[in-house]
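Here are the chains, one letter per residue:
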Amino acid sequence: MTASTETVTFTVSAADAYWVRSALSDSAIRWMDLWRDAMAGERPDLDADSCRSINRRAWRLYEDLSEQEMRQSA
């Protein structure tokens, strides 16, 4: 997938934003676990680099959403 300069607006309530952040956090943690398993040879069906990339993307989205929430609440 190539990087895109297009943006999408995703509008949710503050309560739902909390749950979206929680889901992103859970996802990042799970993909880190899968990365560790792939690195240890316990999950040969997974590509370790892909697991790590998904983990990093989930954390980046989590941080972006947290930053937006902080700006809007100021």
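Everything that follows concerns the structure shown earlier in this document.
Residues numbered from 1 in each chain as written. Predicted model: local features only at pLDDT ≥ 70, side-chain atom pairs only at ≥ 80, totals over all residues. Heavy atoms only, no water.

1. Notes on the packing of helix 1 (residues 14-39) against helix 2 (residues 48-73)
The criterion, for reference: Convention adopted: a line fitted to C-alpha atoms gives each axis, helices being fitted over their contacting stretch, and angles between N-to-C directions are expressed from 0 to 180 degrees. The secondary structure listing takes helices from DSSP runs of H or I that are at least 4 residues long and strands from runs of E that are at least 2 residues long, numbered from the N terminus. Comment on the angle field: the value is read as roughly parallel under 35 degrees, roughly antiparallel over 145, roughly perpendicular from 65 to 115, and oblique elsewhere. Take the far helix as the reference: if the near one is turned anticlockwise from it by less than a right angle, the crossing is left-handed, and if turned clockwise, right-handed. Throughout, the ten residues Ala, Val, Leu, Ile, Met, Phe, Trp, Tyr, Cys and Pro are labelled nonpolar, Asp, Glu, Lys and Arg are labelled charged, and all others, Gly among them, are labelled polar.
Two elements in contact, helix 1 and helix 2, have axes separated by 8 Å at closest approach and are oriented at 160°. The pairing of helix 1 with helix 2 is recorded here as roughly antiparallel in orientation. By crossing handedness, the relation of helix 1 to helix 2 is classed as left-handed. Classifying every residue of the contact of helix 1 with helix 2 gives 21 nonpolar, 4 polar and 3 charged.

2. Points about the packing of aromatic side chains
What counts, and what does not: Between the rings of Phe, Tyr and Trp (Trp by its six-membered ring), a pair exists once the centres lie within 6.5 Å; its type follows the angle of the planes, with under 30 degrees stacked, over 60 edge-to-face, and the other angles tilted. Using a 1.4 Å probe on the protein chains alone, a residue whose accessible area is under 20% of its type maximum counts as buried, one over 50% counts as exposed, and one in between counts as partly exposed.
Per the stated rule, a full pass over the model turns up 2 aromatic pairs. Ring plane angle 85° and centroid distance 5.0 Å describe the contact between Tyr18 and Trp19, whose orientation is recorded as edge-to-face. What makes Tyr18 partly exposed here is its relative accessible area of 43%. A relative accessible area of 57% places Trp19 in the exposed class. For the ring pair Trp59 and Tyr62, a centre distance of 5.4 Å and an interplane angle of 90° mean the geometry is edge-to-face. On the criterion of helical spacing, the pair formed by Trp59 and Tyr62 is a turn pair, its members being 3 residues apart in helix 2.

3. A few points about the layout of surface pockets
The criterion, for reference: Cavities and pockets are defined on a 1 Å grid built over the protein atoms alone: a cavity is a set of grid points where a 1.4 Å probe fits but cannot escape, while a pocket is an open set with protein on both sides within 12 Å along at least five of seven lines, and lining residues are those with an atom within 4 Å of any such point. Grid points are joined across faces, edges and corners, and a volume is the space filled by probe spheres set on the points.
Considering only enclosed or pocket space, the largest pocket measures out at about 570 Å³ in volume. The wall of the largest pocket is formed by 15 residues, among which Phe10, Thr11, Val12, Leu65 and Gln68 lie closest to the centre. The set of elements that each furnish at least two residues to the lining of the largest pocket consists of helix 1 and helix 2. The residue makeup of the lining of the largest pocket, split by class, is 9 nonpolar, 4 polar and 2 charged.

4. Quick look at the pattern of salt bridges
The test is simple: Here, a salt bridge means any Lys or Arg side-chain nitrogen found within 4 Å of an Asp or Glu carboxyl oxygen.
For the coordinates displayed, the defined rule picks out 5 salt bridges. In this structure, the salt-bridge partner of Arg21 is Glu69, at a minimum N-O distance of 2.5 Å. Taken together, the residues Arg21 in helix 1 and Glu69 in helix 2 connect sequence positions 48 residues apart. Arg21 gets classed as buried once you look at its relative accessible area, which sits at 17%. Among the ionic pairs, Asp45 bridges to Arg43, the shortest N-O distance being 2.7 Å. Note on Arg43: relative accessible area 27%, which makes it partly exposed.

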